[in-house]
Amino acid sequence: VIQFLQSTQPLILPSLKTLQALGGPSDVQVNGDGLECCFLRNLSILTPSNNAASLEKLLQGFFAYFGDFDFAHQGISVRVGEPVEKTDGGALFIENPLGPHLNASPNVSQGEVTRFQERCVAALWKLDSPGCTLDALMNPLEVAALRARIHIRQKQMMPSLDLASLFEPKERTAEGPGAKAGSVL
């Protein structure tokens, strides 16, 4: 989301590189590992974005951007605010802003990247359908139906637990040598 908002025209969010360049001596901090970081902390000196795109248009733009993103060759970078060349062979490369050569998402599989892109394309197609608006997508009845499906799925995956039964006294049967079969203690 952040890189997408850094790529809109006009920009909505500045890149970390821009925030670093605008930072002054009072913005420098050193972490426990001795890593020096300098990012603008007084954001009031930034010019507010004049991007007037609606939330619906931004959502469409997000789905279009990542639905067509070249994950095979490019990585995501909030440091520079635009795609970067991948430096590893992983399915998804999200540049670590403090160590640009490091991948912050090494455990994401190719299947997950493919599913994400497919969902982006499907969402874009749905938003582009006649009469479909963000408001229609957020219809309370549709949200309630989605929540009900999630609740049913969770119940199927997790056995129900009767908390009251945990506090009911249980009969213990005598076992061991000399005990009569079926005798209760």
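Residues numbered from 1 in each chain as written. Predicted model: local features only at pLDDT ≥ 70, side-chain atom pairs only at ≥ 80, totals over all residues. Heavy atoms only, no water.

A closer look at the overall build of the protein
On a plain count of helices and strands, the protein comes out with six helices and six strands. When its helices and strands are written in sequence order, the protein yields α-α-β-β-α-β-β-β-β-α-α-α. Taking all 185 residues of the protein together, the buried fraction comes to 22%. Taking the contacts inside the protein whose residues are at least 6 apart along the sequence as the reference set, 42% of them involve residues at least 24 apart. Summed over all atoms, the accessible surface of the protein reaches about 13500 Å², with 60% contributed by carbon and sulfur. (Helix = DSSP H or I, 4+ residues; strand = E, 2+ residues; numbered from the N terminus. Buried < 20%, exposed > 50% of the residue type's maximum accessible area, 1.4 Å probe, protein only. Contact = heavy atoms within 4.5 Å. Areas by Shrake-Rupley, 256 points an atom, 1.4 Å probe, with all protein chains shown as cover.)

Quick notes on unusual backbone geometry
With an omega dihedral of -5°, the bond running from Gln9 to Pro10 counts as a cis peptide bond. Here Pro10 is to be found in the loop between helix 1 (2-7) and helix 2 (16-22).

Description of the pairing of strand 6 (residues 99-103)
Pairing of strand 5 (residues 95-96) with strand 6, which is carried by two bridges, proceeds in the antiparallel orientation. Its bridge partner lying in strand 6, Glu95 is registered against Asn103. Adjacent in sequence and paired antiparallel, strand 5 and strand 6 are bridged by two residues. (Pairing = 2+ DSSP bridges.)

Brief notes about the state of the cysteines
Taken as a whole and judged by the stated rule, the model has zero disulfides. Unpaired in terms of disulfides, Cys37 finds its nearest cysteine sulfur in Cys38, a separation of 8.9 Å. The class of Cys37 is buried, set by a relative accessible area of 15%. (Disulfide = S-S within 2.5 Å.)

Remarks on the pattern of salt bridges
What the rule picks out here adds up to one salt bridge. Measuring nitrogen to oxygen at the nearest pair gives 3.1 Å for the salt bridge that ties Arg79 to Glu95. Of this pair, Arg79 sits in the loop between strand 3 (74-75) and strand 4 (84-85) while Glu95 sits in strand 5, and the two are 16 residues apart along the sequence. Arg79 gets classed as partly exposed once you look at its relative accessible area, which sits at 25%. (Salt bridge = Lys/Arg side-chain N within 4 Å of Asp/Glu carboxyl O.)

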